[in-house]
Amino acid sequence: MTEKRLPAFATENDIGWRWISSRPAYAFVGVVTLVAAILRLLYLGKESLWGDEAFTVALASIPLPTMLKLLATDEPNIALYVLMLRGWLALGDSEATIRLLSVVFAVATVPLLYCVVRRLAGQPVALLTILLFAVNAWAIRYAQEARGYTLWMMLTLASWLFFLRSLERPTRWNLGGYIAASALGLYAHFFAVMSFVAQWIAVLLYARRKTPWRPLVASAAAIAVLGAPIVLATRLGYAGQLDWIPPTSFQTIQVTMYSFCGSVAGGRFATMLPLLCVTFWAVGLLALSRESRKSALAARNLALIVLGAALPVAIVFGVSIARPSFVPRYVFQCLPFFSVLVAAGLWRMRPRWIGAAALLAILCLSLYQDYRYYQFYLRDDWRGVTEYILSNAKTGDGIVTYDSPARWPYDYYASNFGSPAARPDLIFPQWDDEFRVGGLSYPFAFRKSAGREAVMMRALDGAASVHPRIWLILYHNEIPAIGTDAGTERLLAALNQHYRMTAERDFEEIRVLLFERAGNAPPPRA
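Criteria and cut-off values
- Residues numbered from 1 in each chain as written.
- Predicted model: local features only at pLDDT ≥ 70, side-chain atom pairs only at ≥ 80, totals over all residues.
- Heavy atoms only, no water.
- 1 Å grid on protein atoms, 1.4 Å probe; cavity = no way out; pocket = protein on both sides within 12 Å on 5 of 7 lines; lining within 4 Å.
- Points joined across faces, edges and corners; volume = space filled by probe spheres on them.
- Helix = DSSP H or I, 4+ residues; strand = E, 2+ residues; numbered from the N terminus.
- Nonpolar A, V, L, I, M, F, W, Y, C, P; charged D, E, K, R; others polar.
- Contact = heavy atoms within 4.5 Å.
- Phe/Tyr/Trp six-rings, centres within 6.5 Å; stacked < 30°, edge-to-face > 60°.
- Buried < 20%, exposed > 50% of the residue type's maximum accessible area, 1.4 Å probe, protein only.
- Lys NZ or Arg CZ within 6 Å of the ring centre and 35° of its normal.

A. Spatial organisation of empty space enclosed by the protein. Tallied over the full model, the rule gives 4 cavities of 30 Å³ or more. Reported here for the largest cavity is a volume of approximately 90 Å³. Of all the secondary structure elements, the ones that give two or more residues to the lining of the largest cavity are α13 (250-261), α14 (272-291), α16 (335-348) and α17 (352-376). Its residues assigned to classes, the lining of the largest cavity shows 10 nonpolar, 3 polar and no charged.

B. Layout of the environment of Leu113. Structurally, Leu113 can be placed in helix α6 (residues 95-121). When the C-alpha atoms of Leu113 and Thr129 are compared, they prove to be 8.0 Å apart, with 16 residues separating the residues in sequence. Ignoring anything within four residues of it in the chain, the contact list for Leu113 reads Thr129, Ile130, Phe133, Leu157 and Pro336.

C. The arrangement of the packing of aromatic side chains in detail. Within this structure, the stated rule accounts for 26 aromatic pairs. Arranged with centres 5.1 Å apart and planes meeting at 65°, the rings of Tyr142 and Tyr149 form a pair that is edge-to-face. The burial state of Tyr142 is the same as that of Tyr149; both residues are buried. Between the aromatic rings of Trp382 and Tyr475, the centroid separation amounts to 5.0 Å while the plane-to-plane angle is 85°, which identifies the pairing as edge-to-face. Of this pair, Trp382 sits in helix α18 (residues 382-392) while Tyr475 sits in strand β5 (residues 469-475), and the two are 93 residues apart along the sequence. For Tyr475, a relative accessible area of 1% gives the class buried. Put simply, the rings of Trp138, Tyr142, Tyr149, Trp152, Phe260, Phe332 and Phe338 pair up and form one aromatic cluster. A cation over an aromatic ring shows up here: Arg141 above the ring of Tyr142, its NZ or CZ 4.4 Å from the ring centre. Above the ring of Trp347, the side-chain terminus of Arg352 is found at 4.0 Å from the ring centroid.

D. Quick peek at helix α3 (residues 51-61). Within α3, 9 of the 11 residues are buried, which leaves the element mostly enclosed by the surrounding structure. Listed as buried for α3 are Gly51, Glu53, Ala54, Phe55, Thr56, Val57, Ala58, Leu59 and Ala60. Turning to α3, the residues buried within the fold contact α4 (64-73), α5 (79-88), α6, α18, α19 (407-415) and β5.

No statement about biological role is implied by the geometric values presented.
Set out below in structure tokens:
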């Protein structure tokens, strides 16, 4: 009987290796996957859809030819997710049903992550990695959002898995899977290209005689051809969509590190979890670095892990120096590899009881963050905004949403509100079938247009003679990267010429103002 081959970082002297590998690990993977599913399904429909989610739903719901045109010209970076969401909406359009698609991708990520890490760092580290990933509050947070981040991560890990399999056995199945997962990943999020770069840097640095160069290069060429349309579309259609991002600061880096550790909801122990994770991240990196000296395979695997964790962060940070573009979620694909290094540190720690105690502490602190996320992490309350307006609306009312994409969440909840006594007439923005106002894409190109205020003021002309009351929704009208929006002040000044403000209510980052033309009507009920 041939001896079982161990992964690069597994040795026969590893205490516990034979114990774990001699028993079916798949049962553990199944249990962790079930735990991950439960944590991602809890309170799935509790919070309102926020602006980006509502826009994604609106985009997936318009006629197919128009949707395809907008994906090709204005929103290429979410093309694959929108296409899949379009079919998913046949199941229903409640918040929970819409977000369930992201949960499906998130849960499928767990066994994929196990398969990738088992090849890179051995089975014990793989089991610990998926356990840490399952309870990570940052991973849960994006699993509960109707956006394409979990699809992006799932396809990225599938690309890594088929890439590693192709290095060992370049069969048609493995190479085809690598091409398909990598190309589709680009259409889920353009930043998937950074994982592709990380894979090839590691292979080029640690090339082996048995590396199957010809099929791998052919696969890379196929991915480049299939991904060329999304590269071109992103280059042409992404203008203005990063203008809201503030310059990168120490706080940005700190929030990113806290996010990787799963500390996203604050609380009394908010810093303890990052301290533990970063400590064992360093321990894992040092341990794997020492062991990588024993073989070229171990050195290559370490390079793949480190590049997967650090290269996208370095690229986005470097670009952000020239143009602000660093947002924690843009490096979401690095989370699995960060978890690998933490898990390696826990597994390599000696004596064993220290690693076990640290693992227990990290799990407890992670579950505490999960609890705080469920209870205190609030999205924009568009459900409350819409209910407040429609419960107090009167016949003849008008409504203005300014300036960011406030109309999409308002429209979503207004269409599902039932039969209110009155619905305000939309004054601004009134867009065409392609979400264009004055011929400009809304809100990004429109916001940068010198004539945007003229378009808005024309919409307000004559409103006083038609609408005795006007509701004004202000949402993200002051953006740090842009500064105070002077258009808001001019809008308020224009309304004050014919109306007086009689009510105001804040919903965290959303303000609702009611203007009345005349009379002394009492303010609407809260």
